[in-house]
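# Chains, contacts and geometry: an overview
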Amino acid sequence: MKVSVVIPVYNVEKYVEESLRSVMCQTLTDIQIICIEDAGNDNSKEIIKRLMAEDSRISLFVNEQNRGLASVRNQGLSYAEGDYIYFLDSDDMIKADALKELYDLAEKDRLDAVVFAAESIFEDENLAIKFGKDPVLFKGDYPDVLSGKTLYKKWMEVWDWIPLQQRFFYNRKFLISNSIRFKDGQLHEDESFAFDVLMNAERVRAINEPYFIRRFRGASIMSGHVTMKNVESCMEIIEHAASYETEDEELKKAIGYYNEKLIRDSSNKFREALKSDNEGCKKAEVAFKDNKLFETIVRKSRREMYACSSYYQVMIAILKAICDDKMIDLVLEEHGIGTAEKLAAGITFNLPRYVYKVYICPDSEEVDPYEQKETASDKELSEKLVSYVENIIGNEETVSEYEKINVFWDLGYVGTYLNIRGISYVLHEDSLNSYKKIKDNRPNYSYIFDENERKNHKGVVPFGYSQNCEAVEVNEIQGIQIPTDKVTECSREAMITSLEPDQKKKIMNAFVEPEIMESISTDGETLLLLTEPFAVTGRLPHETAQERLYKDIVNEYGQGKKLVIKAHPRDAMDYEKIFPDAMIIEKNIPMEILNFNESISFSVAVTVTSSVIGGLANVGEKKLLGVDFLKKYAE
């Protein structure tokens, strides 16, 4: 017997015949088809018996009591006689050539296991939207025979881990000799089984052939209601992986990354379970009172959202998450989407303990954020913005599930949306000590200082004046130019100082590739020029005036010094052309990130009004020229 196919069956009369016929018509004929009916209450048994009359390769075993999927798969493994074994669920299918091609490949390469890709079909369009219509392919490239541990490490690098058993084809003797079994009664049992396979397999192939066809249906286990049992099973899986002992540091890191992902998923499941199994959750809180893993899952289930319109704000949100030991979601507003996607990938890979998901607001011609900010009370524009935001981060119900929503700008996409919907939020100072300079630096918002003008203003009133803003957090309260009744203080310098070296390294790697950071390292006398988008914002009449201003600054402070330029993210000037000998730092990088690398230092840093200069720790002399410096260039 070449292959044994194990098919657990439970209340699938609508699908079981199609599933079985996909196996019966395989081009590999030397197969054993094991159906195990797990005490269902429909006509599945009768359908299988009818098919048995057509195909003698089918055998049916009937359980008098329901044993669950994990136990039934173990049962099938004990009945199997084939050289190889394949587990297929009774509502799914496989392509006609699947078993032959998998068998031939496994024999040719003497494999313990083959893992392959999948396609999907859906009962309704909502499931298609939820799970995605595209084939589930590997993101990485795995052309060779690898050990299971090597494949596991490679999978973790790009998160190719999808341990669905219907995507695995096993050498049966390998499973038996290594005592690999499913854990009875465990949900998400595929996780532990696949982990054990890869920790023991010597020869594995991963191929991008979608042999498996998965059916998504509303009543299936994985798309049904989440209960505390789901969370408890995930805890077992996490503890099982964590107990694996190895001297391989890369493998330890990969397992740690895997467990962080599982903890994140478990926290999501716990939040879902609170809706459908509140009593089970309450009992679990008693049963797991002193369980550190459960405490972590509960804590991370209470996620916060941070809406950020600059990478500096992203950095502060991450610092807050680390210092408060919180799990957060990030929304990146008003970014060039290519750069934002790169940042999102860097953050989720380097900081999975703290950042669960990153949403990106793409550019929109229909929803101009600056127009919306001033006309949020206009019904047509408001509806456009609401639709735009909800297409990105979910509807009002989804947003309200966050323990706290944080914004750095009341008038950004999310801030305006929250005000339209009447949802409470916490406002954070958008840059270092910027609330001390609103009158000078933000003349467009002078109306906020007049009570009557504020009341008559059309749209959202920023800087915490909105009734939906429940609190405002600043770096330092003394000297701020907004009322302090809502304000609390949180020193950003103190947050940075509290970081462990490993945390600093992870934050740096999230924002900047290590080789780029090395290229910024400076020796000798160096001038750091921090530019601002004066021509874009209208504070200078044109780019020629801005170019003249910065050439004068470099002539004044840069004689005999190497020039390093960090442009403001919205600054459109071509500094490579203006200063061809300068080192140009990528303008989306938060400058404070450079504080995390002791090899980087500057003799002098100069800016006109940028508050960033105050947060730099690696500068000998700081020159903040002030707003009056602009006057002679504005004429």
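To start, this report covers the structure provided alongside it. For clarity, every value in this text was computed on a predicted model and none was experimentally measured.

### Details of the pairing of strand 14 (residues 404-407)
Judged from the four bridges that link them, strand 11 (residues 304-308) and strand 14 form a sheet pairing that is parallel. Bridging from a neighbouring strand, M305 pairs with I405 of strand 14. Pairing geometry for strand 14 and strand 15 (residues 425-428), over two bridges, is parallel. By the bridge assignment for strand 15, V407 is matched with L427. With helix 18 (residues 413-421) bridging strand 14 and its parallel neighbour strand 15, the resulting β-α-β unit is right-handed.

### Regarding helix 25 (residues 543-557)
In a regular helix each residue adds 1.5 Å, so 15 residues correspond to 21 Å; helix 25 covers 21 Å between its end C-alpha atoms and thus fits that length. Along helix 25, the positions that sit buried rather than exposed are A545, Q546, L549, Y550, I553 and V554. Of the surrounding secondary structure, the elements contacted by the buried residues of helix 25 are strand 18 (526-530), helix 24 (534-537), strand 19 (562-566), helix 26 (575-578) and strand 21 (602-607).

### Comments concerning the packing of helix 10 (residues 249-276) against helix 12 (residues 292-301)
Their axes nearest at 8 Å, the elements helix 10 and helix 12 cross at an angle of 65°. Viewed along their axes, helix 10 and helix 12 adopt a mutual orientation that is roughly perpendicular. For the pair helix 10 and helix 12, the sense of crossing is right-handed. On helix 12, the residues touching I263, S266, S267, F270 and R271 of helix 10 are L293, F294, T296, I297, V298, K300 and S301.

### Focus on the packing of aromatic side chains
Under the defined criterion, the tally for this structure stands at 34 aromatic pairs. One aromatic cluster in this structure is built from F138, Y142, Y152, W155, W159, W161, F195, Y244, Y257, Y258 and F349. Positioned above the aromatic ring of W409 is the side chain of R442, whose terminal nitrogen or guanidinium carbon lies 5.4 Å from the ring centre.

### A look at the sheet that holds strand 8 (residues 168-171)
Ordered in space as 3-2-1-4-8-6-9, the seven strands form an open sheet in which the pairing is mixed. Of all strands in the sheet, those bounded by a partner on one side alone are strand 3 (58-63) and strand 9 (204-206). When strand polarity is set aside, the average angle formed by the axes of neighbouring strands in this sheet is 20°. Bridge analysis of strand 6 (residues 113-115) against strand 9 gives three bridges, and the strand direction is parallel. Its bridge partner lying in strand 9, V114 is registered against R205.

Basis of the calculations
Every chain is numbered independently, its residues counted from 1 as its sequence is written. Where totals are concerned, whole chains, interfaces and linings use all residues; where local detail is concerned, this predicted model gives features only for residues with pLDDT of at least 70, and gives and counts side-chain atom pairs only at 80 or more. The basis for the side-chain values is all heavy atoms of the structure; hydrogens and waters are excluded. Between any two strands, pairing holds if DSSP finds at least two bridges. Strands are runs of DSSP state E lasting at least two residues, helices are runs of H or I lasting at least four, and both sets are numbered from the N terminus onward. Classification remark: right-handed applies to a crossover when, strands pointing away from the viewer, the course from the first strand over the helix to the second runs clockwise. A helix is expected to reach a length of 1.5 Å times the quantity of its residues less one. Note on exposure labels: buried denotes an accessible area under 20% of the residue type's maximum, exposed denotes more than 50%, and partly exposed covers the range between, all computed with a 1.4 Å probe on protein chains only. Only heavy atoms enter the contact rule, under which two residues are in contact if any of them lie within 4.5 Å. A fitted line through C-alpha atoms represents every axis, and for helices the fit uses only the stretch in contact; the resulting angles, taken between N-to-C directions, go from 0 to 180 degrees. When describing relative orientation, an angle under 35 degrees is termed roughly parallel and one over 145 degrees roughly antiparallel, while 65 to 115 degrees is termed roughly perpendicular and anything else oblique. Helix crossings fall into two classes, left-handed where the near helix is turned counterclockwise from the far one by less than a right angle and right-handed where it is turned clockwise. Put simply, two rings from Phe, Tyr or Trp (the six-membered ring, in Trp's case) pair if the centres are within 6.5 Å, and we call them stacked under 30 degrees between planes, edge-to-face over 60, tilted for the rest. Here, a charge over a ring means that NZ of Lys or CZ of Arg falls within 6 Å of the ring centre while also lying within 35 degrees of the ring normal.

All quantities given are derived from atomic positions and should not be read as evidence of function.
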